[in-house]
Amino acid sequence: MLRRGMEDEQPSQGTGGLPLLPSDGVDTTQTWKTMTRKSLNHSQTAMTPNIVRKIASKCWKWLSKLRGYGQQHSTPLISASTKKRRPRVVAGSSMALVHVLLFLLLLGGGDALCPSRCSCNDETLRASCEDAALEVVPIQLNPDVKIINLRDNRIGDVHFTLGFYSNLRALDVSRNRISSLGSKNFELQEKLVSLNASGNQITNLSKFTFSGLRSLQVLDLSGNLIESLEGGVWEDSPNLWEMYLRSNKIITIGEGVFDPLINLKVLDLSDNQLLDVPTGALRRLPSLRTLNLGENLIESVSDDAIPNLRDLKSLSLESNVISFIHDAAFDGLLSLEYLDVSYNNLSLVPKQQLSKLTCLKELDLSGNQFTSLGPIAFQSLFELRRLRLNRLPRLEQVDVRAFVDNINLQRVFMEYNVGLTNLPTRLFHGNPLLVDVSVRGNSFTILDASHFPLDHMDSLLLAGNPLYCNCSMLWLWVLARKQYETERINVTLLPQPTDASPTASITSTKEPNKILHLDIDAIRCAGPETVKKLLLVDVPEEEVRCDISWLAVIIVTIVVLTLFIVMCGFLLFLGSDKLCKKPETLTDLPSHHLHHHHQNGAVLMLMPKKDNMDGLDDFMLKTKDPMMNDMQYHHHQHALATWDSISKDSVVPDNRSLGMYQNQYSVNGEQQKPTHIVYV
């Protein structure tokens with residue numbers, strides 16, 4: 001009968017307790033068993049001091065009976081008739097004393113017993129049992145405790161144990177073996193603000209799992225085995241601010257499951273198995289500031305996938321399989337400041353989609369399949385401060401105007417793009433606020449100082465590039481040596497333990513002049529052979545200087561002077577009087593020129609001054625070339641001016657024969673003002 005009673009009292013497997021063995025010798029009666037079960041069941045709904053006192057009173061009565069039994073049988077317990085009963089009586093008495101002490105501690109209120117390997121502070125009302133090999137939640141702590149840390153134990157559940165601590169503010173049961181949070185186990189924790197149950201084996205959440213947690217603000221259920229979220233789970237938690245559900249196995253999220261969380265600001269659903277953006281669950285989150293949907297299986301973002309979350313500041317879609325983003329996908333995110341679309345399958349920079357995010361300050365497009373960054377690649381992103389373009393395996397070209405719109409750009413990271421072999425000159429000279437640039441791990445062999453605005457930069461990281469350390473890299477070598485010398489001086493000026501003079505103290509605290517920071521301990525040369533694999537700062541100066549010998553200087557000087565003399569002679573020859581002299585009269589022209597003009601029908605035109613142009617269409621002195629007269633002027637729609645013959649004997653009139661026309665002339669009988677003569 002004893003063995004059967006003991007088997008009834010053994011805790012079920014998976015609850016974290018150890019089963020009692022018959023060798024323990026505990027004489028347990030049905031009354032004690034029934035009373036214990038009733039008290040524990042009652043503690044789930046109302047664990048009050050009156051109940052504890054009743055339980056303790058019954059234990060005292062049971063102990064009194066046991067002691068009276070020993071007094072009635074005053075014969076030596078070592079007699080032959082009682083040899084077999086003595087171990088049971090003694091063991092039963094010891095176990096009863098333990099139970100009585102436990103209930104007395106609970107009855108005392110403020111007095112508590114801190115478990116071994118735990119740390120308890122009754123002044124701050126904190127108890128820490130981290131990594132204490134506990135298999136159940138301890139119930140002997142101070143009932144007024146506010147913070148309990150049970151991290152890294154072997155606790156299997158939280159059933160019937162949290163009712164002792166109604167003043168609890170923070171509970172950490174992370175990294176245990178909890179498979180279920182049960183139902184209504186937190187009804188008495190109305191003051192609980194933070195609950196961390198991450199790193200357990202929780203598979204589902206029921207409608208009453210979080211009943212009573214009206215003050216809960218932070219809930220962490222990361223690293224569990226939850227597969228779905230259904231409606232009604234958080235109806236009692238309207239004040240929840242932060243919820244972390246990353247690293248579960250969530251496939252579906254019911255529509256409206258987050259509707260009661262009107263104050264939710266942070267929602268982390270990363271590292272799950274979502275195939276689409278859970279639009280229906282996100283529609284009524286007016287206070288949401290941060291949304292993390294990274295590391296899921298999302299393939300595309302449609303125009304209505306992300307609702308109008310006007311207060312959203314941060315959105316992460318990294319490490320999905322997104323290959324398409326609709327042009328209007330981000331239209332409702334008017335306040336977005338951080339966007340992470342890294343490590344997806346985008347083949348083009350989403351220029352049109354990003355242009356709507358006028359408040360964006362940080363953008364990460366690393367790990368996509370871009371082949372180039374075209375002109376104005378980040379159009380209208382005038383507030384952009386940080387840009388990450390790392391690990392783009394197909395990137396080969398960057399346009400010189402790629403960043404012209406990003407006038408507030410401060411930090412650019414273009415690291416480990418193995419296909420990128422060069423940068424356009426003055427690429428960043430349109431970014432006056434740029435201070436940090438990292439181009440580590442690319443395939444640059446030559447870099448020019450004009451690539452970067454060195455005069456106002458703070459740091460430039462170049463490690464991992466196969467730099468060819470010849471004279472074209474002299475500028476970088478000078479900067480590296482300057483930084484090396486400055487760092488060595490700073491180390492020398494550090495205060496020594498034996499130096500306590502005021503002058504030395506002032507000198508050591510003086511800041512050195514600000515210089516450009518380079519990763520000089522990792523910039524190595526890939527060539528030429530004489531300096532291969534050497535740190536740039538260790539390369540001898542003669543290897544990076546392009547010195548010219550005196551003979552080369554003389555040869556270059558002679559060549560330059562010769563070219564100068566030849567050019568001057570050529571210009572003097574072209575500017576001689578014979579080539580540039582203009583004949584004073586028409587009669588001074590050579591005879592072959594006269595003949596040439598005659599054959600081609602030269603025309604003499606008399607042009608009036610500008611103030612006499614009204615009503616005058618054409619002024620022309622006809623030559624004796626009949627072909628010209630017939631072809632050009634015979635059918636003219638206006639009557640041409642009639643002139644007397646200038647000279648019948650000479651082919652080309654001279655100045656004297658034209659003198660009579662230089663002062664005045666008449667057209668159709670009307671006297672006109674002086675003209676000027678033009679030869680055509």
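Quantities reported herein were computed from a predicted structural model and do not represent experimental measurements.

Scoring rules and cut-offs
Residues numbered from 1 in each chain as written. Predicted model: local features only at pLDDT ≥ 70, side-chain atom pairs only at ≥ 80, totals over all residues. Heavy atoms only, no water. Helix = DSSP H or I, 4+ residues; strand = E, 2+ residues; numbered from the N terminus. Buried < 20%, exposed > 50% of the residue type's maximum accessible area, 1.4 Å probe, protein only. Contact = heavy atoms within 4.5 Å. Areas by Shrake-Rupley, 256 points an atom, 1.4 Å probe, with all protein chains shown as cover. Patch = residues over 30% accessible without salt bridge, like charges linked within 9 Å, V, L, I, M, F, W, Y side chains within 5 Å. Salt bridge = Lys/Arg side-chain N within 4 Å of Asp/Glu carboxyl O. Disulfide = S-S within 2.5 Å. pLDDT = per-residue confidence, 0-100. Phe/Tyr/Trp six-rings, centres within 6.5 Å; stacked < 30°, edge-to-face > 60°. Core = buried A, V, L, I, M, F, W, Y, C linked by side-chain atoms within 4.5 Å. Polar contact = N/O pair within 3.5 Å; in protein donor to acceptor, adjacent residues only side chain to side chain.

A. Just the overall build of the chain, in detail. Tallying secondary structure elements over the chain gives 14 helices and 29 strands in all. Relative to its 680 residues, the chain shows a buried fraction of 38%. Put simply, 55% of the contacts in the chain that link residues at least 6 apart link residues at least 24 apart. Summed over all atoms, the accessible surface of the chain reaches about 38800 Å², with 55% contributed by carbon and sulfur.

B. Inspection of a nonpolar patch on the surface at higher detail. Together, M567, F570, L571, F573 and L574 line one region of the surface with nonpolar side chains, adding up to about 540 Å² of accessible area. Here L571 falls in the exposed class, since its relative accessible area comes to 52%.

C. Looking closely at the state of the cysteines. Taken as a whole and judged by the stated rule, the model has 3 disulfides. Between C118 and C129 runs a disulfide, and the two sulfur atoms are separated by 2.1 Å. Residues C118 and C129 share a disulfide whose torsion about the S-S bond is about 120 degrees; that sign makes it right-handed. Of this pair, C118 sits in the loop between α4 (86-108) and β1 (119-121) while C129 sits in the loop between β2 (126-128) and β3 (147-149), placing them 11 residues apart in sequence. For the pair formed by C118 and C129, the shared burial category is buried.

D. Structural view of the pattern of salt bridges. The full count for this structure, using the stated rule, is 15 salt bridges. D331 is the partner of K356 in a salt bridge, and the nearest nitrogen-oxygen pair spans 3.1 Å. Highlighted residues: K356 in the loop between α6 (351-354) and β16 (362-364) and D331 in the loop between β14 (324-325) and β15 (338-340), separated in sequence by 25 residues. What emerges from the salt-bridge pattern is a single network uniting R151, D152 and R175.

E. Highlighting the confidence of the model for the chain. When pLDDT is averaged across the chain, the result is 76; 64% of the residues are at 70 or more. Here residues 609-652 scores under 50 on pLDDT; set against residues more than four positions off or in separate chains, the count is 54 contacts.

F. Fine view of the environment of Y165. Note that Y165 resides in the loop between β3 and β4 (170-172). Residue Y165 is classed as buried on the basis of its relative accessible area of 0%. Along the primary structure Y165 and L188 are separated by 23 residues, whereas in three dimensions their C-alpha atoms are 8.0 Å apart. The contacts of Y165, once residues within four sequence positions are left out, are P138, I139, Q140, L141, N142, P143, V145, I148 and Q189.

G. Representation of the packing of aromatic side chains in the model. Across all of its chains, the model carries 6 aromatic pairs by this definition. For the ring pair F210 and W234, a centre distance of 6.2 Å and an interplane angle of 10 degrees mean the geometry is stacked. Separated by 24 residues along the polypeptide, F210 in the loop between β5 (194-196) and β6 (218-220) and W234 in the loop between β7 (228-229) and β8 (242-244) bring together distant segments of the chain. Residue F210 is classed as buried on the basis of its relative accessible area of 1%. Here W234 falls in the buried class, since its relative accessible area comes to 0%. When the ring of F428 is compared with that of F452, the centres are 6.3 Å apart and the planes differ by 15 degrees; the resulting orientation is stacked. Taken as a pair, F428 in the loop between β20 (411-413) and β21 (436-438) and F452 in the loop between β21 and β22 (459-461) lie far apart in primary sequence, 24 residues in all.

H. Broad picture of the environment of A133. Along the chain, A133 turns up in the loop between β2 and β3. Separated by 20 residues in the primary sequence, A133 and N153 have C-alpha atoms spaced 5.1 Å apart. Setting aside residues no more than four positions away along its own chain, A133 makes contact with R117, N153 and R154.

I. Here's a closer look at the nonpolar core. By size, the foremost hydrophobic cluster in this structure holds 124 residues, and its most contacted members are W234, F258 and F378. Broken down by secondary-structure element, the contributors of at least two residues to this core are α5 (279-282) and α7 (474-492). Broken down by element, this core gets its largest block of residues, 4 residues, from α7. With residues near it in sequence (within four places) discarded, W234 still touches L205, F210, L219, L229, L240, M243, V257, F258, P260 and L261.

J. Examining unusual backbone geometry more closely. A cis amide bond links G527 to the next residue, P528, at an omega of -5 degrees. Mapped onto the secondary structure, P528 falls in the loop between β25 (525-527) and α9 (541-544). A positive phi is found at D271, a non-glycine position, where the angle reads about 60 degrees. Here D271 shows up in the loop between β10 (266-268) and α5. A residue is classified by how much of its surface remains accessible, and D271, at 32% relative accessible area, is partly exposed.

K. Main features of the side chain of S316. Mapped onto the elements of the fold, S316 is located in strand β13 (residues 314-316). Since its relative accessible area comes to 8%, S316 is described here as buried. Not counting chain neighbours up to four residues away, the residues in contact with S316 comprise L291, N292, L293, G294 and D340.

L. The side chain of T486, seen in detail. Topologically, T486 is positioned in helix α7. Separated by 2.8 Å, the side chain of T486 and the backbone oxygen of K482 make a polar contact.

M. Up close: the environment of W241. By secondary structure assignment, the location of W241 is in the loop between β7 and β8. Spatially, the C-alpha atom of W241 lies 5.2 Å from that of K265, the residues being 24 residues apart in sequence. Ignoring sequence-local partners within four residues, the contact set of W241 consists of Q217, N263, L264, K265 and V266.

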